[in-house]
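So the chains spell out like this:
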There are 2 protein chains.
Amino acid sequence: MTIREVAEDAGVSLQTVSRVINDGPNVRPQMREKVQASIDRLGYVPSLAAQRMSGSRSYIILAINDRERTIADWRERQGNDWVDQMLLGGMLTCAKHGYRMMVELVDTHIDHVERELGATISALQPDGVILTPPHSENRQITQLLELRNIPFARIGSKGEGAGIPLTMGDENAARFATERLIELGHRRIGFIAGPAQYSLSSWRVDGWRAAMRDAGLRCDGLLEAGDFSYSSGTHAGRALLDRNEDLSAIIGSNDQMTLAALAVAQDRGLRVPRDLSLISFDNTPIVRFSQPPLAAIDQPIAETVSVAVDRLIALKGQPHEDGTIDVAASLVERASLGPAPDPA
Amino acid sequence: MTIREVAEDAGVSLQTVSRVINDGPNVRPQMREKVQASIDRLGYVPSLAAQRMSGSRSYIILAINDRERTIADWRERQGNDWVDQMLLGGMLTCAKHGYRMMVELVDTHIDHVERELGATISALQPDGVILTPPHSENRQITQLLELRNIPFARIGSKGEGAGIPLTMGDENAARFATERLIELGHRRIGFIAGPAQYSLSSWRVDGWRAAMRDAGLRCDGLLEAGDFSYSSGTHAGRALLDRNEDLSAIIGSNDQMTLAALAVAQDRGLRVPRDLSLISFDNTPIVRFSQPPLAAIDQPIAETVSVAVDRLIALKGQPHEDGTIDVAASLVERASLGPAPDPA
DNA sequence: ATGAAAGCGCTAACAC
DNA sequence: GTGTTAGCGCTTTCAT
């Protein structure tokens, strides 16, 4: 089935068929209908490769994830569904526009980034690329894409520069979680930050700090940083509890670290939420199954990716001018969240 | 960067470069080296679209999943990592061969299957397709692929016919799980089967039946069927417990149903594993977090998909002759598994 | 062992 | 509004 056969069938030129396919101008409605009828009857679908070849779009959006972390997540089977949520938002929205989403894993820290990504770009020639942390702020990557003139979205990035910046309300989410704890009577609220190479780590800290400050509370000794791993959460949890006898709540910057903090607390005989409340970030599936289940800031990954795809396709290469797009996260309350213990 | 520039740079014809790229014959080692040097230096990577256009392979393997079920899993965020495991096995193995994996969701039960899948095939022109249950045994789909001459793998399917059949040791796994329970002293072992439209449902039943028979045990009243949903597991669990006072173990054909059976048992005051042992199928992430964690047959999805990709690429369109490929599943023992209660 | 020519299916640019 | 022409980057013949 090629465009030629459709043209013959409809008794028109290739070009007219092409115009119909691409919703081009200068086709009489009547003609359009006739051609469309042939297309439908013959079950014709244009070849992506041929469309790409003739200089038009490739109809492919490429989503890029951190290779090492993603593979580790898959192998460990901890239920992290980041990729699934990306696919949910990305594939469906791509499909809506007649695009396809492809997923690619790219190493961050090695020096081959350019070669690795460059090769993928050359092979696939995607119409748009979606970068996720920590790639979103990798200069090598953003520069490569800018240079090659590939529109891209940066999830978890706010900087000016090229590419569409999108965030998931990190600062507000942290602020809101903190405010909720304060509302429940908590005064000493510890915070386990993510690693510094993720900008969102510091945004979350900012939100927490702001809420504490607004409530007239001090943050001294209440901040620890981890690297998103369970073990770093154990370490941070211990440090916070060691240092603060009066600690009554902890906000962790992801689920693994917060689960670790939960384990530390329970090891020390603290009851959650009676003695200690916990709020996590991410809301991956497993937090519903801890004892008690963890309250968590839900990251709207699917929607963010969906918005990114929409923008990428709508922009068609024109630069994005509207500043950072923020898709708000929300707090899912669960049993790990309770009123502050009486100041006995 | 096109093949032309490489040819000029190396001072050879386009053809020679093409031969080097494709490991073709009739190139002197010396020439090959020279061209490869140019390729490396210029960072040339052939365009997938152009390769496809000129009649050769598309270097794309398409993995097809059930649309409704997959989207439901993603939305519900129950931690089902089937797609992730497919990607783990599929993407990495594709990459090893210079291929890409694309994921596509296809509706099973509607009559548009042919149009829907046909359109995808026409657009993408994949070099191979991987079918997962229940698509693996959908005649409309297999016939379409056969007709279009697209090599495909059928996961969870044994029939003769076109396509490479692959299974995950369903019968043996069920048999082994049953034998393990018998070894632990269990005599009355209930089985919750999956829905009939999945062949693997009956294979698993067969394995259980065979093990029971070999041990001289009867199966009467011990079989219930669900549809893989939690609620169907609740129903089946109740029926089994209602009917069999002496029931001491249940094997469920997937995690959701087995978790439901666990809840039913606990609702009735049964302690697991003291009063009732449970073994599940799938071993998705959440079974580690139930109380107690569920012993489960681990489905080697990643490896199975990896094998499928390998075969698909190796065969290059020649028919597969070696019969069903079986990738063995294994039992992961967890706290839901214990000795049978004393026949007090 | 290498090169030249033809064409894959489509769209852009131009003609009418 | 519609048709014609050229060419995208590559691999396939086929010549040499």
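Residues numbered from 1 in each chain as written. Chains lettered and ligands numbered in written order. Predicted model: local features only at pLDDT ≥ 70, side-chain atom pairs only at ≥ 80, totals over all residues. Heavy atoms only, no water.

Novice: Is there a simple way to explain the pattern of salt bridges in this structure?
Specialist: Side chains that differ in charge, positive against negative, can pair when their charged atoms come close. In total, this model carries 38 salt bridges over all chains according to the counting rule given. Across the salt bridge formed by B:Asp322 and B:Arg311, the nearest N and O atoms sit 3.3 Å from each other. In this pair, B:Asp322 is assigned in the loop between helix H13 (301-315) and strand S11 (325-326) and B:Arg311 in helix H13, connecting sequence segments 11 residues apart. When salt bridges with common partners are traced through the structure, they connect A:Arg188, A:Arg218, A:Asp220 and A:Asp246 into a single cluster. (Salt bridge = Lys/Arg side-chain N within 4 Å of Asp/Glu carboxyl O. Helix = DSSP H or I, 4+ residues; strand = E, 2+ residues; numbered from the N terminus.)

Novice: I keep staring at the relation of the copies chain A and chain B and nothing clicks. Help me out?
Specialist: Note that the two copies of the chain are related through a rotation about an axis and a translation along the same axis. Turning chain A through 180 degrees and shifting it by 0.0 Å along the axis lays it on chain B, with an RMSD of 0.1 Å. Expressed as an axis order, the relation between the two copies is that of a two-fold axis. A shared interface surface links the copies, since 100% of the contact residues of chain A are contact residues in chain B too. (Least-squares fit on C-alpha atoms with pLDDT ≥ 70 in both. Contact = heavy atoms within 4.5 Å.)

Novice: Just checking my understanding: could you explain the interface of chain A and chain B for this structure?
Specialist: Size of an interface, as often reported, equals the accessible area lost when the parts are brought together. If you look at the interface, chain A gives 47 residues, while chain B gives 47 residues. Of the roughly 4,000 Å² buried between chain A and chain B, counting both surfaces, carbon and sulfur atoms make up 61%. Of all residues in chain A, the largest losses of buried area upon contact with chain B belong to A:Trp74, A:Arg77 and A:Arg100, amounting jointly to 20% of the total for that side. Where chain A touches chain B, the interface holds six salt bridges. Residues A:Asp81 and B:Arg77 are paired through a salt bridge, measuring 2.9 Å at the closest nitrogen-oxygen approach. The tally of links between chain A and chain B comes to 18 residue pairs in polar contact (both at pLDDT 80 or more). (Buried area = accessible area lost by both parts, 1.4 Å probe. Polar contact = N/O pair within 3.5 Å; in protein donor to acceptor, adjacent residues only side chain to side chain.)

Novice: Could you clarify how one ought to interpret the protein's contact with DNA strand C in this entry?
Specialist: Near DNA strand C you find 25 residues, and of these A:Ile3, A:Gln15, A:Tyr44, B:Thr16 and B:Met53 are the closest. Near the protein, meaning within 4 Å, the atoms of DNA strand C are sugar or phosphate in a fraction of 61%, with bases accounting for the rest. Between DNA strand C and A:Ile3, the relevant distance is 2.2 Å, taken from a phosphate oxygen to a main-chain nitrogen or oxygen of the residue. Separating a base oxygen of DNA strand C from a side-chain N or O atom of B:Arg19 is a distance of 2.7 Å. By residue class, the composition of the surface near DNA strand C is nine nonpolar, 13 polar and three charged. (Near = heavy atom within 4 Å. Nonpolar A, V, L, I, M, F, W, Y, C, P; charged D, E, K, R; others polar.)

Novice: Even after reading the chapter, I still don't get the domain arrangement of chain A, so can you show me in this structure?
Specialist: Residue and element names in this part refer to chain A. Each domain of chain A was delimited in the assignment, giving domain 1 (3-54), domain 2 (60-168 + 301-329) and domain 3 (170-298). Taking the mean C-alpha position of each, domain 2 and domain 3 sit 28 Å from one another. Contacts between the two partners involve 14 residues from domain 2, matched on the other side by 15 residues from domain 3. For the interface between domain 2 and domain 3, the tally reads zero salt bridges. Linking domain 2 with domain 3 are three residue pairs in polar contact (both at pLDDT 80 or more). Partitioning the side of domain 2 that touches domain 3 into residue classes produces four nonpolar, six polar and four charged. (Domains from an automatic or database assignment.)

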